[in-house]
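# Per-entry structural report
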Amino acid sequence: MRSIHDIGKIVADYDVYLMMDRGMSDNTREAYRRDLSRLLEWLAGEGTGLRDVTLDTLRLFVGDLNDVGIAERSRARIISGVRSFFRYLTAEGYTEGDPSELLESPQTGFHLPEVLTVDEINAMIGAIDPRKAEAQRDRAIMETLYGCGLRVSELVNLEMSKVFAAEGYLIVRGKGDKERMVPMSDTSIGEISAWLDDRSRLAIKPGEENILFLNRRGHRLTRQRAFQIVKGLAEAAGIRKNISPHTLRHSFATHLLEGGANLRAIQQMLGHESIATTQIYIHLDRSTLRRDILMYHPRNNIRIK
């Protein structure tokens, strides 16, 4: 297998391939290079090498694109470029397989993200094997993701000093290095408290003393590992939806809205700068929406049966 250490040379050779073999214009190649740089920078931030990239890694990358508000058409273009690059790596002998082969492109046009029912979330938590050493940690992770609506990056970097269990809230550092306060449910407080007992018995690595969620070796969890935990529990619960940690965040917002929470309050808890971003994550059943309109619009005299 060919060496993959000189990323700069590989990217340069790939650009020549796009020009000579694919016949792409300068503008199209520039777009491919820009999108590829986005992927490589993201992988560097994750500490993931090109040979370590898996389908789940790429799905997590695409989930982050969605999380920062990249439009569907732009995401589809980026995914197309990612597939092209990994096909090139495989054809040139840099990698043994193509992790992007089964990477799905978003459908153009408006569509709603997956949302879990409360029963499905309960089933995922119920699928946690109590015999495993990480069982309590995984319960705390699920309750924190769903109960607080955190991004996966916020979860894995959550600091113990930012969890105020007695007061019932935590502080997370979100996008743009901005902090926000998020209320905690009694259930999430209880599960985190139980996890702290298990955590106290770990040999914690230097520099990770204040990180809440750790692996068995005392390191903070990676986002990929959090993705795998959630995905594995969905499969164990027999849920066939396309699940990621972001699904729990979306479900958090959806269930709050359906329960009567104010959209502005949900915006603040999710850490969205724009209310328009929050609206993307809000799913309302059409029949429920129609019923609310008929019930509350002052000009509507239709009796609801």
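In short, a report on the structure.

## A few points about empty space enclosed by the protein
In this approach a probe as big as a water molecule rolls over the atoms, and the regions it shows empty are the leftover space. Under the defined criterion, the tally for this structure stands at one cavity of 30 Å³ or more. Space inside the largest cavity adds up to approximately 30 Å³. Lining the largest cavity, in full, are Tyr32, Asp35, Leu36, Leu39, Ile78, Gly81 and Val82. Mapped by element, the contributors of at least two residues to the lining of the largest cavity are α2 (26-46) and α4 (72-91). For the lining of the largest cavity, the element with the most residues is α2, which contributes four residues. Looking at side-chain class alone, the lining of the largest cavity contains five nonpolar, one polar and one charged residues.

## Considerations on the environment of Thr247
Secondary-structure assignment places Thr247 in helix α10 (residues 245-258). According to the relative accessible area criterion, Thr247 is buried, its value standing at 6%. In the structure, Thr247 is positioned 98 residues away from Gly149 in sequence and 9.5 Å away in space, judged by C-alpha atoms.

## As for the pairing of strand β2 (residues 169-173)
Of the pairings in the sheet, the one linking strand β1 (residues 163-164) to β2 comprises two bridges and is antiparallel in character. Among the inter-strand pairings, Val163 is bridged to a residue of β2, identified as Leu170. Count of turn residues in the β1/β2 antiparallel hairpin: four residues, of which Gly168 carries a positive phi of about 80°. Relative to strand β3 (residues 179-183), β2 is paired through five bridges, and the arrangement is antiparallel. Residue Tyr169 lies in a different strand from β3, and its bridge partner there is Pro183.

## Thoughts on the packing of α2 against α4
Where α2 meets α4, the closest approach of the two axes is 9 Å, and the angle between their N-to-C directions is 85°. If you check the angle between α2 and α4, you find them roughly perpendicular. Along its contact with α2, which presents Tyr32, Asp35, Leu36, Arg38 and Leu39, the element α4 presents Arg77, Ile78, Ser80, Gly81, Val82, Ser84, Phe85 and Phe86. Split into classes, the residues belonging to the contact of α2 with α4 amount to seven nonpolar, three polar and three charged.

## Focus: the pattern of salt bridges
Tallying each qualifying case throughout the model produces 22 salt bridges. For the salt bridge of Arg29 with Asp15, the shortest nitrogen-to-oxygen distance reads 3.2 Å. With Arg29 in helix α2 and Asp15 in helix α1 (residues 7-20), this residue pair connects regions lying 14 residues apart in the sequence. Taking the relative accessible area as the measure of exposure, Asp15 reaches 15% and is therefore buried. Two residues, Asp26 and Arg29, come together in a salt bridge whose shortest N-O distance is 2.7 Å. Placement of the pair is Asp26 and Arg29 together in helix α2, with a separation of three residues, close to one helical turn. Note on Arg29: relative accessible area 8%, which makes it buried. One salt-bridge network, in which partners are shared between bridges, spans Asp15, Asp26, Arg29, Glu30, Arg33 and Arg34.

About the criteria used
Residues numbered from 1 in each chain as written. Predicted model: local features only at pLDDT ≥ 70, side-chain atom pairs only at ≥ 80, totals over all residues. Heavy atoms only, no water. 1 Å grid on protein atoms, 1.4 Å probe; cavity = no way out; pocket = protein on both sides within 12 Å on 5 of 7 lines; lining within 4 Å. Points joined across faces, edges and corners; volume = space filled by probe spheres on them. Helix = DSSP H or I, 4+ residues; strand = E, 2+ residues; numbered from the N terminus. Nonpolar A, V, L, I, M, F, W, Y, C, P; charged D, E, K, R; others polar. Buried < 20%, exposed > 50% of the residue type's maximum accessible area, 1.4 Å probe, protein only. Pairing = 2+ DSSP bridges. Axes fitted to C-alpha atoms, helices over the stretch in contact; angles between N-to-C directions. Parallel < 35°, antiparallel > 145°, perpendicular 65-115°, else oblique. Contact = heavy atoms within 4.5 Å. Salt bridge = Lys/Arg side-chain N within 4 Å of Asp/Glu carboxyl O.

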